Amino acid sequence: MLNSTTLTTTTDTAEARLGAAYIVEQHLRRHGASLCDLLDALDDPSGCAALCDLHAAFGQPIPNADAVEVALRDIRRILADQPPSSLDRIGQERGLPASVMILWHGARVSELLARFPHAE
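1. Let's talk about the overall build of the chain
For step 1, the next point in the chain: The number of helices and strands found in the chain is 5 helices and 0 strands.
For step 2, the next point in the chain: Tracing the chain from N to C terminus, the helices and strands come up as α-α-α-α-α.
For step 3, the next point in the chain: Dimensions along the principal axes, computed over C-alpha positions, put the chain at roughly 60 × 25 × 20 Å.
For step 4, the next point in the chain: Residues classed as buried in the chain amount to 35% of the 120 residues present.

In structure tokens form, the structure reads like this:
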């Protein structure tokens, strides 16, 4: 049997996750192009796919918070897995400050992920 405390906690968690998804959407509007440039430069198709999944999660009137969180986790993993030599190459070949970009975007994605509470 579901008691009112459990229902309230579940509702609060769902609302908090939805709020976190909206913050991610705002972040993407401001910084999505830069993240897209970085993921494209990494030459890892899974990075662009994760970003597409993230955008798709906002394709409904109410974003899918679970899909947003999964896509952010994928993006964070992809950013964290890049070897410094790859970032140096990107910097030389494409003129992108890839090392700085990966640190900045990685930190922002981690901050965004921290906003997603989980049900107890």
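So, next bit.
2. Quick look at the nonpolar core
For step 1, the next point in the chain: With 30 residues, the main nonpolar core has Val24, Leu39, Leu42, Leu54, Val68, Leu72 and Ile75 as its most contacted residues.
For step 2, the next point in the chain: Within the residue set of this core, elements represented by two or more residues are helix H1 (4-41), helix H2 (45-56), helix H3 (65-80), helix H4 (84-94) and helix H5 (98-114).
For step 3, the next point in the chain: It is H1 that provides the largest number of residues to this core, a total of 8 residues.
For step 4, the next point in the chain: Here Leu72 is in contact with Val24, Leu54, Val109, Leu112, Leu113 and Phe116, once residues within four sequence places are set aside.

3. Considering the packing of H2 against H3
How two helices sit against one another is set out by the angle between their axes and by the gap between those axes.
For step 1, the next point in the chain: For the pair H2 and H3, the least separation of the axes is 8 Å and the interaxial angle reads 155°. Considering their axes alone, H2 and H3 lie roughly antiparallel with respect to each other. Between H2 and H3 lies a crossing whose hand is left-handed. Here H2 contributes Ser46, Gly47, Ala50, Leu51, Asp53 and Leu54 to the contact with H3, which in turn contributes Val68, Ala71, Leu72, Asp74, Ile75 and Ile78.

Here is what the cut-offs are and how they apply
- Residues numbered from 1 in each chain as written.
- Predicted model: local features only at pLDDT ≥ 70, side-chain atom pairs only at ≥ 80, totals over all residues.
- Heavy atoms only, no water.
- Helix = DSSP H or I, 4+ residues; strand = E, 2+ residues; numbered from the N terminus.
- Buried < 20%, exposed > 50% of the residue type's maximum accessible area, 1.4 Å probe, protein only.
- Core = buried A, V, L, I, M, F, W, Y, C linked by side-chain atoms within 4.5 Å.
- Contact = heavy atoms within 4.5 Å.
- Axes fitted to C-alpha atoms, helices over the stretch in contact; angles between N-to-C directions.
- Parallel < 35°, antiparallel > 145°, perpendicular 65-115°, else oblique.
- Left-handed = near helix turned anticlockwise from the far one by under 90°.

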